[in-house]
Amino acid sequence: MRSPHHITAHPYTNPYEELGRLDDGPQDVGPSDVGPSHAGPQDLGPLDDFFHEDVPDERDEAEAQDDPWAPPNHRRGGRRRRRGRFAGLPLALKAVVGLVVLASFLTLADRWALLYAERRAADTLKDRLDLAAAPEVEIGGFPFLTQLADERLDSVKVTVPDVAADRVSLAQVTATARGVRLDTDGPTSVRGADVPRLEGDVLLSFADLNRELGASQVTFTGEGHDRVRARGTLPVAGHDLRLRAEARIVREGDRGIATHIGGMRLDIGKLATYRPGARASEGLHLSRQSVARFAHETRKAKALLSVPSIVRRLGVPDSVVREALRNESRLTELTGTPRFAHRAMQLNLIDLALDHPELLKLLGFDPALLDALPRLTRPVLADQLSLGFRLPEPPSGQLRLRDVRVEKDGIRVRLEGEGLTVGRSR
């Protein structure tokens, strides 16, 4: 029986012998043949090759000592490689790239010179024509520098937003000149220009008319190819009278347009209508609504029929008038007839105001208004509604207006000019 303290002894094994068993070489080699002094390179096993230390050759050490030390180059591709990338491009492609870059710089320089010339031309026109603001100048053609060297511009477009002309300002004047000849002392000094021919148009916009003539609160709209309709209110003696008028647009001479005002009418509420003039159909007349109310307003109807001069103008027999004044039913029957209404609307109340001011006051008229209306004659109203203007006289040459027409946004007139000079002529 074994003692619990008995330890089984294992046989001792040499670790080098176990490593030797891993050799794949021939098994018949004797132990005497395996040794450091008899083993050649071809006889080395895998472990011997692993532990084998290569001894550097003496020539390699001499060459390594002769070469100077340099830090390693970690840049991708290296500098020499990048040079070779562009060096491989064809010469023709390089020339094309260079020409494109040069053309870009020349174009940029040309555009800068063009902008500078347009600004200088705008300032010159503002001073020469005494304009409130500098106009917009657009010089056409490309390149600009060659035109400047040749002292001739293909085209120049000038837009003036506001030109003072009589009572109104022209909303916009646009003109294009072609073949402009420059008077220069070099590319940087332009003394003036000769404009052989100029074409454009003048726009008198309704928006500007409504703004500039807005004291009367009148608006203008186009109606047909040569007519303008005016609608709005006109303050008279503290009353806002409704205004209606028609204007016909015509050309006046070579540099202006005129307006012939017609159909002028001022409505005093629903009480009466005033038309300036001396004809029978003009003056101050009762409206149809006022005459219709007389049939229901006994007091006003009796006051109107109590004046003999009015009765004679109405053409009502005296017997009928006396009966109507005694019987209200007969009065209502008389004032409600179509004949009476037609005759009553033909009465000129301006004439009656001189002889019977109290009667008109009873009918609802303000005495101050009756005094102010006769002063609103046709010429006075026509002047307030006039849309005429004249172009300013040019310093030289001729400037004419042609083809006046009414459009949706305003009155447009074609513009022509020739022999014009800007600045100092040659």
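Since we're looking at a predicted model, the values are computed, not measured.

Draft legend 1. View of the environment of T298. Positionally, T298 belongs in helix 9 (residues 298-305). For T298, a relative accessible area of 24% gives the class partly exposed. Distance from T298 to E328, taken between C-alpha atoms, is 7.3 Å for residues 30 residues apart in sequence. Contact partners of T298, with chain neighbours within four places excluded, come to E328 and L331.

Draft legend 2. Focus on helix 5 (residues 91-128). Compared with an ideal rise of 1.5 Å per residue, which puts 38 residues at 56 Å, helix 5 spans 55 Å between its outermost C-alpha atoms and is within 8% of the ideal. Of all the residues in helix 5, the buried ones are D110, A113, L114, A117, E118, A122 and L125. Remark: D130 follows helix 5 within two positions and exhibits a positive phi of approximately 55°.

Draft legend 3. Local environment of the packing of helix 9 against helix 12 (residues 328-335). Axis separation between helix 9 and helix 12 bottoms out at 11 Å; the angle between their running directions is 75°. The angle between the axes of helix 9 and helix 12 places the two elements in the roughly perpendicular class. In contact with T298, A301, K302 and L305 of helix 9, helix 12 contributes E328, L331, L334 and T335.

Draft legend 4. Examining the packing of helix 11 (residues 318-326) against helix 12 more closely. Between helix 11 and helix 12, the least distance of the axes is 5 Å, while the angle of their chain directions is 125°. As summarised for this structure, helix 11 and helix 12 are arranged oblique, according to the angle between their axes. The way helix 11 lies across helix 12 gives a crossing that is left-handed. Of the residues in helix 12, those in contact with V320, E323, A324 and R326 of helix 11 are E328, R330, L331 and L334. Looking at side-chain class alone, the contact of helix 11 with helix 12 contains 4 nonpolar, no polar and 4 charged residues.

Draft legend 5. Fine view of the pattern of salt bridges. Within this structure, the stated rule accounts for 21 salt bridges. A salt bridge links R197 to E199; its shortest N-O distance comes to 3.6 Å. A residue is classified by how much of its surface remains accessible, and R197, at 40% relative accessible area, is partly exposed. E246 serves as the salt-bridge partner of R231, at 3.1 Å between the closest nitrogen and oxygen. Taken together, the residues span a long stretch of sequence, with R231 in strand 8 (residues 227-236) and E246 in strand 9 (residues 239-252) at a distance of 15 residues. The class for E246 is partly exposed, based on a relative accessible area of 24%. Through salt bridges with shared partners, a single ionic network connects D201, R405, E407, D409 and R412.

Draft legend 6. Representation of a nonpolar patch on the surface. Side chains of L93, V96, V97, V100, V101 and F105 sit close together on the surface and give an oily, nonpolar patch of about 540 Å² of accessible area. Structurally, V101 can be placed in helix 5. Residue class for V101 comes out partly exposed when judged on its relative accessible area of 43%.

Draft legend 7. Just unusual backbone geometry, in detail. In this chain, F142 is followed by P143 through a cis amide linkage whose omega measures -5°. By the secondary structure assignment, P143 is in the loop between strand 1 (136-140) and helix 6 (144-150). Positive phi, normally seen in glycine, also occurs at D403, with a value near 55°. Along the chain, D403 turns up in strand 14 (residues 398-406).

Draft legend 8. Representation of helix 13 (residues 338-345) within the structure. Taken together, the buried positions of helix 13 are F340, A341 and A344. Along the axis of helix 13, the buried residues cluster in a sector spanning 100°; they form a single face. Away from its buried face by more than 90 degrees, helix 13 exposes P338 and R339. Summarising the contacts, the buried residues of helix 13 are in contact with strand 12 (283-286), helix 8 (288-294), helix 9, helix 10 (308-314) and helix 12.

How each quantity is defined
- Residues numbered from 1 in each chain as written.
- Predicted model: local features only at pLDDT ≥ 70, side-chain atom pairs only at ≥ 80, totals over all residues.
- Heavy atoms only, no water.
- Helix = DSSP H or I, 4+ residues; strand = E, 2+ residues; numbered from the N terminus.
- Buried < 20%, exposed > 50% of the residue type's maximum accessible area, 1.4 Å probe, protein only.
- Contact = heavy atoms within 4.5 Å.
- Expected span 1.5 Å × (residues − 1).
- Axes fitted to C-alpha atoms, helices over the stretch in contact; angles between N-to-C directions.
- Parallel < 35°, antiparallel > 145°, perpendicular 65-115°, else oblique.
- Left-handed = near helix turned anticlockwise from the far one by under 90°.
- Nonpolar A, V, L, I, M, F, W, Y, C, P; charged D, E, K, R; others polar.
- Salt bridge = Lys/Arg side-chain N within 4 Å of Asp/Glu carboxyl O.
- Patch = residues over 30% accessible without salt bridge, like charges linked within 9 Å, V, L, I, M, F, W, Y side chains within 5 Å.
- Areas by Shrake-Rupley, 256 points an atom, 1.4 Å probe, with all protein chains shown as cover.
- Arc of directions from axis to C-beta.

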